[in-house]
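Structural description and commentary
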Amino acid sequence: MVKIRLKKFGTKKRACYRIVVQDSRKPRDGTTIEEIGTYDPIAKDAQFTINEERAKYWVSVGAQPTDTVRKLFSKKGLNK
């Protein structure tokens, strides 16, 4: 199954995340199909960016967002 989830990058105690489309069997920091955004929880007001067009495409073809990504989508207004 394909999932839309977070991929960790950054330094120790200063983690940032990329919102990626990835096979659910791959490890968190493994190879990805496509990167569709970023998420910085440490920044003021937890800044994030999402390529809305690509996110809608991947959801339409069956990719399942994780709980955290689903919350980010709802903040951006990408609910079904």
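This report concerns the structure included in the present document. Owing to the predicted nature of the structure, the values given are computational and were not obtained by experimental measurement.

1. Details of the side chain of Arg5
- Among the secondary structure elements, Arg5 is positioned in strand 1 (residues 2-11).
- For the buried Arg5, no salt bridge exists, and the shortest N-O distance to an oppositely charged side chain is 7.3 Å, to Asp23.
- Reaching out from Arg5, the side chain makes a polar contact with the backbone oxygen of Lys26 at a distance of 2.6 Å.
- The contacts of Arg5, once residues within four sequence positions are left out, are Arg18, Ile19, Val20, Gln22, Asp23, Ser24, Lys26, Pro27, Arg28, Thr66 and Val69.

2. A short note on the nonpolar core
- Ile4, Ile19, Ile36, Ile50, Leu72 and Phe73 are the most contacted members of the largest nonpolar core, which has 16 residues in total.
- Only strand 1, strand 2 (14-23), strand 3 (34-40), strand 4 (47-50), helix 1 (52-60) and helix 2 (67-76) provide two or more residues apiece to this core.
- Considering every element that reaches this core, the biggest residue donor is helix 2, with 3 residues.
- Residues within four places of Ile50 in sequence aside, it is in contact with Ile19, Ile36, Gly37, Ala55, Leu72, Phe73 and Leu78.

3. Things to note about the pattern of salt bridges
- One pass over the full model with this rule turns up 5 salt bridges.
- Ionic pairing is found between Arg28 and Asp29, a salt bridge with its closest N-O pair at 3.0 Å.
- Of the charged contacts in the structure, one is a salt bridge between Asp67 and Arg70, with a shortest N-O distance of 3.1 Å. With a gap of 3 residues between them, Asp67 and Arg70 both fall in helix 2, about one helical turn apart.
- Residue classification places Asp67 among the exposed residues on the basis of a relative accessible area of 55%.
- For Arg70, a relative accessible area of 40% gives the class partly exposed.

Calculation criteria
Residues numbered from 1 in each chain as written. Predicted model: local features only at pLDDT ≥ 70, side-chain atom pairs only at ≥ 80, totals over all residues. Heavy atoms only, no water. Helix = DSSP H or I, 4+ residues; strand = E, 2+ residues; numbered from the N terminus. Buried < 20%, exposed > 50% of the residue type's maximum accessible area, 1.4 Å probe, protein only. Lys, Arg positive; Asp, Glu negative; His and termini not counted. Salt bridge = Lys/Arg side-chain N within 4 Å of Asp/Glu carboxyl O. Polar contact = N/O pair within 3.5 Å; in protein donor to acceptor, adjacent residues only side chain to side chain. Contact = heavy atoms within 4.5 Å. Core = buried A, V, L, I, M, F, W, Y, C linked by side-chain atoms within 4.5 Å.

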